[in-house]
Amino acid sequence: MKRPDVNLVLDEALRKLQSGVPLDQVLAECGEYAAELAPLLEAALWMQQSAQPTVPQGGMARSRARFLQTAEANSAKALPFFTRFRWAVNLAVILLVLASALFFTGMGSVSALPGQTLYPVKRAVEQARLALASSDPAGKLLLEENFDGRRVDEVLRLAERGRGQRVNFAGFLSGGGGQPWMVEGILLDLTDAQQSAALSLAGSYVEVQGQVQPDGRVLVSELQLRFFELEGRLAQQNGERWLINGAWVAITAQTQVDLQPAVGQTVKITAIRLSTQDFLALTVRLEDGPEKEQVEGSASAQADTNEDRTSTAESGGSTSETDEPAVELSETPKPGETGEVKETNQSGGDHEEEATRTREPSRTPEQTRTSEPTRTQEPTRTPEPTKTPDK
Amino acid sequence: MTLENLLARAKKQDMQSLAALHDQLYPLVFRYVSYRLEDEQAREDIVSETFVRMLDVLNKRAHTIQDLRAWLIGTAAHLVSDHYRRQYRRPESGLDLHEDLPDGHTPEHAAEQNQTRREVRQAMRQLTGDQQHVLALRFSQELSLEETARLLGRSVNAVKVLQFRALAALRRAMDERGKSR
């Protein structure tokens, strides 16, 4: 017969001992292993007797307190982090959605035409970009050119589709002398009175308001000269040509100059545009230097001019305030006839004449300063020499 | 509430459940440590430290209450070993200098019990780590061979042999201490 495993017998004996069976009885049941297992079972009995009878409640309470304190500290540490993390994720998602919406709406609106739903978005985005560029005059001018190009493009696309839509655009006016009147290739429908006024504006950079006709032409309701505000450091003085923000500005004898600026000083100029890179200054205001305070009065008077260039042109009646009203306005037909032509500032011939004159080397800066300083106090919209010779 | 339910709620940082879980498992760890360590203060510190460490693994490793029991015993065993290692480096704080507080009904009985306990603990320290571990598990928890094998991560046969040798070694150590006195 096979002998049982001594380890198994020991384990069985230990179990009995732990369940309270006396050692003698346990040994008696071990049979042939009793002698061998007796010392081990005695040791086991000592082990059993040396057991810690109770769990100390004080120790357990202290352990529990420390345990819970640590748990709370951990969760207090973990919670704000989690909360922050969750808020950060939420915020990031919201911003992403908003940015995507703005981006795609902005992108989608680029090709919108007047009268379409996204067109106001397109114009708003442009205004925002102009506002952001206000600290960079040269960049702002480029942006304005870019947006003017967009307006022209819109009118051309509307004309192609023959969609009658009210439009507003700007560009160089050409035509006259038997040629059709157009701005940047857009054919204009002008009344007789408007045509006569347009003669004085030919070659100038003008703003047009009107209605696109089914034949693609634009029936003009308003035609006015565009005034440009150039503000920046006078980089170079080449006789009567000043370089400001990368653009050459012609100074004529008729240009209203408060105080002669030196190279490096900041000036603010109201000008009309002769060509892409050439401007003709109407007024010049010194923006810094020791005499700044001195010219403050005239500056405020001119600010009106600079702030609202189109209203200048439109306020035909207000010209009575000026000692020397713009000649074109005197040419303006009676309100009953051609009220649409609000602005006819300088004749095209005049522009060219002025521009040519500015390039004459004989003209000196002193001559340029001949404009009367007192006039700067007057709310003059246009300088005296803009009087158009009768044609 | 069952221990499994307590564990599930404790994982959600429910303070009441955490406290209940601590109280339910405290005797398990305490009895184990008390078999291996005579110093009462060190015993309390080690048990407390074991529970603090449990907070870190509650959500990571303790999938069932069995996992948690095994982890607690394993961690307590490591902490006891660390304690002895430090003791070995600083023998001036030897265990013999410490006295347990009397917890018997009479001073005589308590003194006798303390004496036995101290001798057994000191004899146990002459055993190998595995032998101490198996005896502490077997006598503190009254675990079956199978349960002990699972906790130790060994086969039942291996635990049977280990148990036999551990008891034999303890007996020898006790006899040697008896002779030396």
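See the structure above.
Residues numbered from 1 in each chain as written. Chains lettered and ligands numbered in written order. Predicted model: local features only at pLDDT ≥ 70, side-chain atom pairs only at ≥ 80, totals over all residues. Heavy atoms only, no water.

## Examining the overall build of chain A
Helix and strand content of chain A: 13 helices and eleven strands. Taken over 391 residues, chain A has a buried fraction of 44%. In chain A, the proportion of contacts linking residues at least 24 apart, taken out of those at least 6 apart, comes to 64%. Working note: accessible area of chain A is about 19500 Å², and carbon and sulfur atoms make up 56% of it. (Helix = DSSP H or I, 4+ residues; strand = E, 2+ residues; numbered from the N terminus. Buried < 20%, exposed > 50% of the residue type's maximum accessible area, 1.4 Å probe, protein only. Contact = heavy atoms within 4.5 Å. Areas by Shrake-Rupley, 256 points an atom, 1.4 Å probe, with all protein chains shown as cover.)

## Describing the sheet that holds strand S2 (residues 179-183) of chain A
Residues and elements named next belong to chain A. Taking strand neighbours around the barrel as the criterion, the five strands line up as S1-S2-S3-S5-S4 in a closed arrangement whose pairing is mixed. In this sheet, neighbouring strand axes are inclined to one another by 55° on average, regardless of whether the strands run parallel or antiparallel. Sheet topology places S2 next to strand S3 (residues 186-189); two bridges connect them, and they run antiparallel. Paired with Val-183 across the bridge in S3 is Ile-186. Sitting on the sheet, helix H6 (residues 137-161) touches strand S1 (166-176), S3, strand S4 (205-212) and strand S5 (218-225), and the angle it makes with S1 is about 95°. Running at roughly 40° to S5, helix H7 (residues 192-201) makes contact with S1, S2, S3, S4 and S5 of the sheet. (Pairing = 2+ DSSP bridges. Axes fitted to C-alpha atoms, helices over the stretch in contact; angles between N-to-C directions.)

## As for the nonpolar core
Counting 80 residues, the largest nonpolar core has Leu37(A), Leu41(A), Leu21(B) and Leu135(B) as the members making the most contacts within it. With eleven residues, the top contributor of residues to this core is helix H2 (residues 15-36) of chain B. Beyond its immediate stretch of four places on either side in the chain, Leu37(A) contacts Val6(A), Val9(A), Leu10(A), Leu27(A), Cys30(A) and Phe164(B). Formed by 29 residues, the second largest nonpolar core is a distinct cluster that contains Ile186(A), Leu188(A), Leu190(A) and Ala198(A). (Core = buried A, V, L, I, M, F, W, Y, C linked by side-chain atoms within 4.5 Å.)

## Points about the pattern of salt bridges
Going through the model one piece at a time under the given rule, you end up with 26 salt bridges over all chains. We note a salt bridge from Glu49(B) to Arg66(A), for which the minimum N-O separation is 2.6 Å. Taken together, the positions of Glu49(B) in helix H3 (residues 40-57) and Arg66(A) in helix H4 (residues 57-109) put the pair across two chains. We classify Arg66(A) as partly exposed; its relative accessible area is 33%. A salt bridge links Glu145(A) to Arg273(A); the nearest nitrogen and oxygen atoms lie 2.4 Å apart. Placement of the pair is Glu145(A) in helix H6 and Arg273(A) in strand S10 (residues 266-273), with a sequence separation of 128 residues. Judged by its relative accessible area of 25%, Glu145(A) falls in the partly exposed class. Residue Arg273(A) is classed as buried on the basis of its relative accessible area of 3%. (Salt bridge = Lys/Arg side-chain N within 4 Å of Asp/Glu carboxyl O.)

## Comments concerning the packing of aromatic side chains
Enumeration according to the criterion identifies six aromatic pairs over all chains in this entry. Between Phe228(A) and Phe279(A), the aromatic rings sit 5.4 Å apart at their centres with planes inclined by 75°, giving edge-to-face as the arrangement. Linking Phe228(A) in strand S6 (residues 228-238) with Phe279(A) in strand S11 (residues 278-286), this pair joins segments that are 51 residues apart in sequence. Phe228(A) sits in the buried class, given a relative accessible area of 2%. Exposure remark for Phe279(A): the relative accessible area of 1% places this residue in the buried category. Note on Tyr26(B) and Phe51(B): the rings are 5.9 Å apart at their centroids and 15° apart in plane angle, and the pair reads as stacked. Here Tyr26(B), found in helix H2, pairs with Phe51(B), found in helix H3; they are 25 residues apart in sequence, far enough to count as distant. Across this residue pair, the class does not change: Tyr26(B) and Phe51(B) are buried. Against the face of Tyr205(A) rests Arg273(A), its NZ or CZ located 5.4 Å from the ring centre. One residue, Arg121(B), lies across the ring of Tyr35(B), its end atom 4.9 Å from the ring centre. (Phe/Tyr/Trp six-rings, centres within 6.5 Å; stacked < 30°, edge-to-face > 60°. Lys NZ or Arg CZ within 6 Å of the ring centre and 35° of its normal.)

## What to know about the environment of Thr276(A)
All names here are of chain A. Secondary-structure assignment places Thr-276 in the loop between S10 and S11. Owing to a relative accessible area of 46%, Thr-276 belongs among the partly exposed residues under this scheme. Between the alpha carbons of Thr-276 and Tyr-205 there is a distance of 9.3 Å; along the sequence they are 71 residues apart. In this structure, Thr-276 is in contact with Glu-145 and Phe-172, ignoring residues within four places of it in sequence.

## Overview of the interface of chain A and chain B
When the parts of a complex come together, some accessible area is lost, and that lost area is often taken as the interface size. Listed as interface residues are 39 residues of chain A and, on the opposing side, 42 residues of chain B. Of the roughly 3900 Å² buried at the junction of chain A and chain B (both faces included), carbon and sulfur atoms supply 64%. Considering only the side of chain A, the residues that lose the most area to chain B are Met47(A), Gln52(A) and Phe67(A), jointly responsible for 21% of the buried surface there. Our enumeration of links across chain A and chain B arrives at six salt bridges. Close ionic contact of Lys160(B) with Asp5(A) constitutes a salt bridge, the shortest N to O distance being 3.6 Å. Summed over the shared surface of chain A and chain B, the result is 14 residue pairs in polar contact (both at pLDDT 80 or more). Per element, the largest residue contribution to the side of chain A that touches chain B is 13 residues, and it comes from H4(A). (Buried area = accessible area lost by both parts, 1.4 Å probe. Polar contact = N/O pair within 3.5 Å; in protein donor to acceptor, adjacent residues only side chain to side chain.)

## Considerations on the packing of H2(B) against H3(B)
Residues and elements named next belong to chain B. Put simply, H2 and H3 touch, their axes get as near as 10 Å, and they point 135° apart. The angle between the axes of H2 and H3 places the two elements in the oblique class. In the packing of H2 onto H3, the handedness of the crossing is right-handed. Only Arg-43, Glu-44, Ile-46, Val-47, Thr-50, Phe-51, Met-54 and Leu-55 of H3 make contact with H2, whose side of the interface consists of Leu-18, Leu-21, His-22, Leu-25, Tyr-26, Val-29, Phe-30, Val-33 and Ser-34. (Parallel < 35°, antiparallel > 145°, perpendicular 65-115°, else oblique. Left-handed = near helix turned anticlockwise from the far one by under 90°.)

## Observations regarding the environment of Gln165(A)
If you trace the backbone, Gln165(A) turns up in the loop between H6 and S1. Considered as a pair, Gln165(A) and Val212(A) are 47 residues apart in the sequence and their alpha carbons are 5.3 Å apart.

## Re the side chain of Ser34(B)
Structurally, the position occupied by Ser34(B) is in helix H2. Apart from residues lying up to four places away in sequence, Ser34(B) is in contact with Gln52(A), Arg43(B) and Arg121(B).

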